[in-house]
Amino acid sequence: MVFPERLAGEDEGPKPILVLGKVRQLMDAFTVEQPQLTLTEIRQATGLPSTTCARLARDLVRHGLLARDGDRYRVGTAVLRWSASALQALDLVSVLSPVLADLRDATGESAALYVRQGLMRTCVAVAPTRHQVIWQLHVGLSTPLHVGSGGRALLAFDEDATRQVLSRQRVGFTPHTITRASQLRSVLAETRRSGVAISYCELDSDVGGVSAPVFGSGGVLASLGIGGPSQRFTPEHVAGYVPAVLAAAREGSRLMGGELPPVSG
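The structure displayed is predicted, hence computed values, not measured ones.

Peer 1: Hey, could you run me through the pairing of strand β3 (residues 72-75) in this one?
Peer 2: Side-chain direction in a regular strand flips from residue to residue, so the side chains alternate between the two faces of the sheet. Note that strand β1 (residues 36-38) and β3 share three bridges and pair antiparallel. Its bridge partner lying in β3, Q36 is registered against R74. Bridge count between strand β2 (residues 66-69) and β3: four bridges; the pairing is antiparallel. Each residue of the ladder has a partner; that of R68, found in β3, is Y73. Two successive antiparallel strands, β2 and β3, enclose a turn made up of two residues, where G70 displays a positive phi of approximately 65 degrees.

Here is the structure:
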């Protein structure tokens with residue numbers, strides 16, 4: 001069971017990959033020893049044509065990946081935000097990986113850790129199930145916050161993200177994806193009450209999931225949960241999974257210096 005990683009309408013040609021390669025070359029020119037460079041120095045470091053360097057540098061400044069001071073360029077603040085997010089994710093993974101493994105062992109299903117990136121949630125760690133029939137969940141999988149239990153466990157406890165998601169059009173992946181604003185508000189309220197988000201066949205027509213938030217001292221940091229084939233995620237199965245997911249979220253929050261809000265059954 002494989003989740004489609006390429007969305008409809010995505011460019012399938014090689015051009016975007018070539019452009020990204022050139023961007024990577026340009027960004028790699030900046031080092032601790034040379035944090036500021038002119039266009040000439042960038043061209044010498046990358047071997048890219050002058051016109052290409054000028055165009056890429058201009059576009060990167062526009063998007064905050066580079067900043068310009070006179071005729072010299074430096075890495076922009078957007079990269080610093082990404083760096084902070086990446087470092088936090090690495091810390092989360094190192095601390096919470098044992099919790100994921102315990103959750104996998106307690107439920108028998110693949111356990112995953114998600115972080116918010118804008119209005120998407122991205123998988124940063126997985127403890128895979130030992131079942132033969134599995135959902136192909138992997139690190140790097142990124143989906144909208146409103147879709148699936150892992151995203152909604154984050155969304156329910158983040159007022160700013162909720163406002164943004166509700167103000168935008170929400171894509172549906174299957175007929176079961178929750179896209180109506182009234183229904184989304186209702187399930188988010190239920191998640192805040194119960195402490196868990198539950199999904200049936202929202203990302204994929206044959207996949208279910210149960211997730212809960214992980215809190216640090218400053219609020220929600222991540223979500224963790226389990227997912228697998230729908231035949232193992234009936235309402236009866238899910239009722240048995242919820243205590244283990246909540247226990248994992250409580251332990252993960254404790255390890256990260258936070259506390260799971262009180263929940264009602």
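Peer 1: What is the right way to look at the pattern of salt bridges in this model?
Peer 2: Opposite charge on two side chains allows them to pair when their charged atoms are near. Under the criterion given, the structure shown has 11 salt bridges. D69 serves as the salt-bridge partner of R74, at 2.9 Å between the closest nitrogen and oxygen. In this structure R74 comes out as partly exposed when scored by relative accessible area, which is 30%. A relative accessible area of 39% means that D69 is categorised as partly exposed. Salt-bridge contacts for E251 lead to R254; the nearest nitrogen and oxygen are separated by 2.7 Å. Of this pair, E251 and R254 both sit in helix α8 (residues 235-255), three residues apart, which is roughly one turn of the helix. Since its relative accessible area comes to 30%, E251 is described here as partly exposed.

Peer 1: I tried to follow helix α6 (residues 159-166) on my own but got confused; where do I start?
Peer 2: Because each turn of an α-helix spans 3.6 residues, side chains separated by three or four positions in sequence point in the same direction. All of the buried residues in α6 are A161, T162 and V165. Down the axis of α6, the smallest arc covering the buried residues is 100 degrees, so these residues share one side. Summarising the geometry of α6, the exposed residues directed more than 90 degrees from the buried face are E159 and R163. Its buried side turned inward, α6 meets β4 (110-117), α5 (148-155) and α7 (181-194). Among the residues of α6, the N-terminal cap falls to D158, whose side-chain oxygen and the backbone nitrogen of D160 are separated by 3.3 Å.

Peer 1: It is not clear to me how the confidence of the model for the protein chain should be interpreted in this structure. Could you clarify?
Peer 2: A low pLDDT score tells you not to read the predicted coordinates there in detail. For the protein chain, the average pLDDT comes to 87, and 88% of its residues sit at 70 or higher. In the model of the protein chain, helix α1 (residues 15-28) stands out as the element of lowest mean pLDDT, 80, in contrast to α7, which has the highest, 96. Counting contacts from residues 1-16, a segment whose pLDDT is below 50, to residues more than four positions away or on other chains yields 20 contacts.

Peer 1: Help me understand the pairing of strand β5 (residues 120-127) in this model?
Peer 2: Burial analysis of β5 places six of its eight residues in the buried class, the great majority of the element. Bridge count between β4 and β5: seven bridges; the pairing is antiparallel. Across the sheet, residue A111 finds its bridge partner in β5, namely A127.

Analysis parameters
Residues numbered from 1 in each chain as written. Predicted model: local features only at pLDDT ≥ 70, side-chain atom pairs only at ≥ 80, totals over all residues. Heavy atoms only, no water. Pairing = 2+ DSSP bridges. Helix = DSSP H or I, 4+ residues; strand = E, 2+ residues; numbered from the N terminus. Salt bridge = Lys/Arg side-chain N within 4 Å of Asp/Glu carboxyl O. Buried < 20%, exposed > 50% of the residue type's maximum accessible area, 1.4 Å probe, protein only. Arc of directions from axis to C-beta. Contact = heavy atoms within 4.5 Å. Polar contact = N/O pair within 3.5 Å; in protein donor to acceptor, adjacent residues only side chain to side chain. pLDDT = per-residue confidence, 0-100.

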